[in-house]
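What follows is the residue order along each chain.
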Amino acid sequence: MDDETSVMEQPGIRIQTAVRNEPVAEAERQAITIRTANFFYGEKQVLFDIGMDIGENRVTALIGPSGCGKSTLLRCLNRMNDLIEGANLKGEVKVKGRDIYGPGVDVIEVRRRIGMVFQKSNPFPKSIYDNVVYGLRIAGQRDRRQLDEACEASLQRAALWDEVKDRLEESALSLSGGQQQRLCIARAIAVEPEILLMDEPSSALDPLAAVKIEELIYSLKDRYTIVIVTHNLQQAARVSDKTAFFWLGRLVEYGLTPQMFTNPKEKLTEDYITGRFG
């Protein structure tokens, strides 16, 4: 993708930055392509001309200060913003080549293919087992054997099975915060999505639980494409293959994570990563 020039403004500041997307290796297939995405809450525009490619079976981190639009973009990727009155996306978001905002698209199917894990763990007030298989039952699965197999497989992938295999009928609310978040990940992957979106998945957890979530993210990328929003720059550096830096609703820089953190192309990126603001 060619370099593009953008102008970002806030009171008293006018900064022009070159927006560069790193060239994608030919062998890398794209799970998500975003083109000229502009997003509005009513009359207020919060995303400006976003364009980026997200590779399959990669972890992509979205970083930037609060209010920069990264969580809004994340929710655009499975149309969660549709639930907000006045929300409107102009542009193109394709998943595996299909525009998810195109006519006739089944939004429920989009959200099945693209799972979401939120900042605050949100287990249902049900048993651990019922939490994991909830989405499968909603989809009409009633075969107990298949539900059992899906429950075990999902908890295994979420690195939780050994901790709860003898407690499946206990309330999910009895689990620790870190366990609840891994349970929510197990619930998300039980319906076999292609993509996992994670919005600050470990920000409410203690350091030990956060490490387990990071290890889990790293292990899951062999099976899923993962996009994670994080304020924790060290976490982004540890778990992601590529990083996108946002500021004032614009994509300032997007590239391979090691390069982003050691030799960013943009002064604004360097200032943020080194703690000069944000």
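Preceding this paragraph is the structure being described.
Since the model is a prediction, treat every value here as computed from it, not as a measurement.

### Re the overall build of the protein chain
Here is step 1 of the chain: Within the protein chain, the secondary structure is distributed over 10 helices and 12 strands.
Here is step 2 of the chain: Sequence-distant contacts, at least 24 apart, represent 66% of the contacts inside the protein chain between residues at least 6 apart.
Here is step 3 of the chain: Carbon and sulfur atoms make up 49% of the accessible area of the protein chain, which totals about 13,300 Å².

### Comments concerning the packing of helix α3 (residues 128-138) against helix α6 (residues 177-190)
Here is step 1 of the chain: Two numbers describe how α3 lies on α6: the axes approach to 7 Å, and their chain directions differ by 30 degrees. As far as their axial angle goes, α6 and α3 are roughly parallel. Where α3 crosses over α6, the handedness of that crossing is right-handed. Each of I128, N131, V132 and L136 in α3 lies in contact with α6, whose residues at this interface are L183, A186, R187 and A190.
Here is step 2 of the chain: The residue makeup of the contact of α3 with α6, split by class, is 6 nonpolar, 1 polar and 1 charged.

### Things to note about the environment of Q259
Here is step 1 of the chain: Residue placement: Q259 occurs in helix α9 (residues 257-262).
Here is step 2 of the chain: Since its relative accessible area comes to 28%, Q259 is described here as partly exposed.
Here is step 3 of the chain: As a C-alpha pair, Q259 and T243 span 16 residues in sequence and 9.4 Å in three-dimensional space.

### Examining the sheet that holds strand β4 (residues 44-55)
Here is step 1 of the chain: Spatially, 4 strands are ordered β4-β3-β6-β7 in an open sheet, and the strand pairing comes out antiparallel. Both edges of this open sheet fall to β4 and β7 (98-99), since each of them pairs with a single strand only.
Here is step 2 of the chain: In terms of strand pairing, strand β6 (residues 87-95) meets β7 through 2 bridges, oriented antiparallel. Within β7, the position partnered with V95 by the bridge is R98.

### Details of the pattern of salt bridges
Oppositely charged side chains can pair when the atoms bearing their charge come close.
Here is step 1 of the chain: For the structure on display, the rule yields 18 salt bridges.
Here is step 2 of the chain: In this structure, E56 and R29 form a salt bridge, with 3.3 Å as the shortest nitrogen-oxygen distance. Residue E56 is located in the loop between β4 and β5 (59-63), and its partner R29 is located in the loop between β2 (13-21) and β3 (30-41); the two are separated by 27 residues in the primary sequence.
Here is step 3 of the chain: Overall, R29 belongs to the exposed group, its relative accessible area being 59%.
Here is step 4 of the chain: A salt bridge links D53 to R35; the shortest N-O distance between them is 2.8 Å. Within this pair, whereas D53 is found in strand β4, its partner R35 is found in strand β3, the two being separated by 18 residues in sequence.

Analysis parameters
- Residues numbered from 1 in each chain as written.
- Predicted model: local features only at pLDDT ≥ 70, side-chain atom pairs only at ≥ 80, totals over all residues.
- Heavy atoms only, no water.
- Helix = DSSP H or I, 4+ residues; strand = E, 2+ residues; numbered from the N terminus.
- Contact = heavy atoms within 4.5 Å.
- Areas by Shrake-Rupley, 256 points an atom, 1.4 Å probe, with all protein chains shown as cover.
- Axes fitted to C-alpha atoms, helices over the stretch in contact; angles between N-to-C directions.
- Parallel < 35°, antiparallel > 145°, perpendicular 65-115°, else oblique.
- Left-handed = near helix turned anticlockwise from the far one by under 90°.
- Nonpolar A, V, L, I, M, F, W, Y, C, P; charged D, E, K, R; others polar.
- Buried < 20%, exposed > 50% of the residue type's maximum accessible area, 1.4 Å probe, protein only.
- Pairing = 2+ DSSP bridges.
- Salt bridge = Lys/Arg side-chain N within 4 Å of Asp/Glu carboxyl O.

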